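# Secondary and tertiary structure notes
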Amino acid sequence: MSIEKGTLEIKALSKSFIVDGNPLQILNNINIVFPAGAFISIVGSSGCGKTTLLRIMLGLETQYEGDALIDGEKIVGPGLNRGIVFQDHRLLPWLTVGENVAFGLEKLKRKEKKLIVDEHLKLVGLSGFVSAYPSQLSGGMAQRVAIARALASKPEILLMDEPLGALDALTRMYMQKELERIWLFEKISMIMVTHDVEEAIYLSDKVVIMSSRPGIIKKIIDVPLPRPRDRASSAFMQIKAEILKEFHLETEYPFAYAI
Amino acid sequence: MIQISENIKNRLSTLVIPIVLLLVWQIVTSGGYVSSHFLPSPGTLFHYTVKLFVEQGFLLHILVSLKRVLFGFLIGSVTGFLFGLLMGLSKTAEKILAPTFHVIRQVPIIGWIPLIVMWCGMTELPRIIIISIAAFYPITLNTFSGVRSVSKEYIELGAVYGYKRLKFIRKIVLPAAFPSILTGISLSVGMSWAMLMAAELFIETFDGIGTRIQLGREKFNMPLVITGIITVGFLGLAMTLTAEKIAKVLDRGRAIRKES
Ligand SMILES: Nc1ncnc2c1ncn2[C@@H]1O[C@H](COP(=O)(O)OP(=O)(O)OP(=O)(O)O)[C@@H](O)[C@H]1O
Ligand SMILES: [Mg+2]
């Protein structure tokens, strides 16, 4: 049986960083499959290793125990089959918005490039900004350009590290809708780190809850709701409560010990 | 309205010192406080300067000097850029080259003149070599540090999109190091110009501004010496300003960032 393109698999993965000469365990025995075409969110407190996990899947971190597989093969480095929206937008300040979006399209002809750039800027609602510089954009706009750049090179899997973190509440809800639309349209796998539980439920097939020190997967919650989802529905609220409960336990224990 | 008067104020404040100096100069010379041998009056000097340019081909000497600086600067900055780039890109290259480079750098540039003249003779070559050494150091150092300080984030971005070697250097390293390289170029322009004087004064010849100033000293021709110095000053200023202007134009993206 061949594995469908766009599948990511993490097997018994543990990761330590050397801090002050001593190994500090960041991820502990992570096991998870991101099926092809699924939208999966990862939530967890700050510092629990979400970015580290994404970097491993991207191929920027290669020192770890266990396995990280893409389409059944070991990840040995970055590749154009995976796109990334970094936690910082990471646009190049010396390139225009258009040139930034075209960053992964080096091999294409000018015309094709322009077509793809226009298409993707339209997708993120920034058509008029092709020749603006990143310094002229707001944080949220920059993040949308970063999304356009990641999508432009047509990855099988899009990894996103808090892609909507810098947006105001309204733009954020609009972009969530857009992301869903893009996901349904492009039919690619999406893996998104977020701090916003509602966002995770609104967009995801599954929500992965991580807890920290060292980072483990605490629970994976299915979201079997029909799309587009209604944030006010009782089923939605129920799932939200279920996820928040997991966080409560985490924050309540230290208090219990302190008392 | 306010902006315009601010602007005029700025212009005027720049002119305060030159005007005061000119006045003092005029008073001191016309009052006979110093001999006109040591300091001709502004009027006399002006007449002399005009004559110098019109009748005595001073412009040709300027062009000769400019040519020397241009060649020296080009050779020094191109090699310095490549050298700095190499050390910046490769830790191995740095380990091998940097210690020697830093030791050699301790020799004041003028200190090389005797050796180079003994090797090359009193020809045009040693003058250009001296100027290129002067241009070499700042470019090397600034290119090196510029390349080394390219942020890890941008390097990762290059890796994510599969940029390798030349493409990586062209699309990530050089643009990121660009401001630093431009600083190096500006410094090199200044250094080349300064070293031109040394090259013309210490490696004797018959043409060039430095040589004219030297001739003025030998003949006790004070107007020639002063005109020479003023010319050197203004040309240096013009070059630095031009270099800065070009840098600004080239650095268009960053210029916008500074504005906002
Ligand atoms: N290169 C590194 N060297 C040493 N420690 C690191 C390194 N990168 C990350 N860490 C540590 O690993 C832990 C997890 O970091 P990571 O960035 O993955 O967290 P995160 O879950 O993304 O947090 P946040 O939600 O704040 O972005 C942190 O404690 C961090 O200090
Ligand atoms: Mg993070």
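We now turn to the structure provided with this report. Everything numeric here is computed off the predicted structure, so don't read it as measured data.

### Description of the overall build of chain A
- Within chain A, the regular secondary structure consists of seven helices and 10 strands.
- A globule of 259 residues ought to have a C-alpha radius of gyration of about 18 Å, and chain A, at 19 Å, matches this closely.
- Dimensions along the principal axes, computed over C-alpha positions, put chain A at roughly 60 × 45 × 45 Å.
- Split into buried and exposed, the 259 residues of chain A put 53% on the buried side.
- Between the averaged position of the 31 positive side-chain charges in chain A and that of its 31 negative side-chain charges there is a distance of 4 Å.

### Structural notes on the pattern of salt bridges
- A complete count under the given rule lists 25 salt bridges over all chains for this structure.
- Residue Arg172 of chain A pairs with Asp196 of chain A through a salt bridge whose shortest N-O separation is 3.5 Å. In this pair, Arg172 of chain A sits in helix α5 (residues 169-186) while Asp196 of chain A sits in the loop between β8 (189-193) and α6 (197-203), placing the two residues 24 residues apart along the sequence.
- With a shortest N-O distance of 2.5 Å, Arg68 of chain B and Glu200 of chain B are connected by a salt bridge. Separated by 132 residues along the polypeptide, Arg68 of chain B in helix α3 (residues 58-89) and Glu200 of chain B in helix α8 (residues 165-202) bring together distant segments of the chain. Across this residue pair, the class does not change: Arg68 of chain B and Glu200 of chain B are buried.
- One network of salt bridges, with partners in common, ties together Lys15, Arg55, Glu61, Asp88 and Arg90 of chain A together with Lys152 and Glu156 of chain B.

### Considerations on the nonpolar core
- Counting 49 residues, the largest nonpolar core has Leu158, Met160, Met190 and Ile243 of chain A as its most contacted members.
- Here the element with the most residues in this core is helix α4 (residues 139-152) of chain A; it accounts for nine residues.
- Two domains share this core, each providing at least three of its residues, namely domain 1 (1-75 + 159-259) and domain 2 (88-154) of chain A.
- In contact with Ile243 of chain A, other than residues within four places in its own chain, are Val197, Ile201, Val207, Ile209 and Ile221 of chain A.
- With 47 residues, the next largest nonpolar core counts Ile32 and Leu159 of chain A together with Leu85 and Val160 of chain B among its residues.

### Describing the sheet that holds strand β1 (residues 8-19) of chain A
All names here are of chain A.
- Judged by pairing direction, the sheet is antiparallel, and its four strands sit side by side in the order β2-β1-β4-β5 without closing on themselves. Only two strands of the sheet have a single neighbouring strand rather than two, namely β2 (22-34) and β5 (73-74).
- Pairing between β1 and strand β4 (residues 65-70): five bridges, direction antiparallel. Bridge pairing links Leu8 to Ile70 in β4.

### Re the sheet that holds strand β3 (residues 39-44) of chain A
Residue and element names in this part refer to chain A.
- On the basis of which strands lie adjacent, the open sheet formed by six strands has the order β6-β7-β8-β3-β9-β10 and mixed pairing. For this open sheet the edge positions go to β6 (82-85) and β10 (216-222), each flanked by a neighbour on one side alone. If you compare each strand with its neighbour and ignore which way they point, the axes differ by 20 degrees on average.
- Both β3 and β8 contribute to a ladder of four bridges, which runs parallel. Bridge pairing in β8 links Ser41 to Met192.
- The strands touched by α5 within the sheet are β3, β7 (157-161) and β8, with β8 carrying the most contacts at an inclination of about 155 degrees.

### What to know about the interface of chain A and chain B
- Taken together, the 23 residues of chain A in the interface contact 19 residues of chain B.
- For the pair chain A and chain B, the two sides together bury roughly 2100 Å², of which 64% comes from carbon and sulfur.
- Connecting chain A to chain B are three salt bridges.
- Seen at the junction of chain A and chain B, the total is four residue pairs in polar contact (both at pLDDT 80 or more).
- Elements with a minimum of two residues in the side of chain A that touches chain B: α1 (50-58) and α4 of chain A.
- Its residues assigned to classes, the side of chain A that touches chain B comprises 13 nonpolar, five polar and five charged.

The rules behind the values
Residues numbered from 1 in each chain as written. Chains lettered and ligands numbered in written order. Predicted model: local features only at pLDDT ≥ 70, side-chain atom pairs only at ≥ 80, totals over all residues. Heavy atoms only, no water. Helix = DSSP H or I, 4+ residues; strand = E, 2+ residues; numbered from the N terminus. Rg over C-alpha atoms; globule rule 2.2 N^0.38 Å. Buried < 20%, exposed > 50% of the residue type's maximum accessible area, 1.4 Å probe, protein only. Lys, Arg positive; Asp, Glu negative; His and termini not counted. Charge placed at Lys NZ, Arg CZ, Asp CG, Glu CD. Salt bridge = Lys/Arg side-chain N within 4 Å of Asp/Glu carboxyl O. Core = buried A, V, L, I, M, F, W, Y, C linked by side-chain atoms within 4.5 Å. Domains from an automatic or database assignment. Contact = heavy atoms within 4.5 Å. Pairing = 2+ DSSP bridges. Axes fitted to C-alpha atoms, helices over the stretch in contact; angles between N-to-C directions. Buried area = accessible area lost by both parts, 1.4 Å probe. Polar contact = N/O pair within 3.5 Å; in protein donor to acceptor, adjacent residues only side chain to side chain. Nonpolar A, V, L, I, M, F, W, Y, C, P; charged D, E, K, R; others polar.

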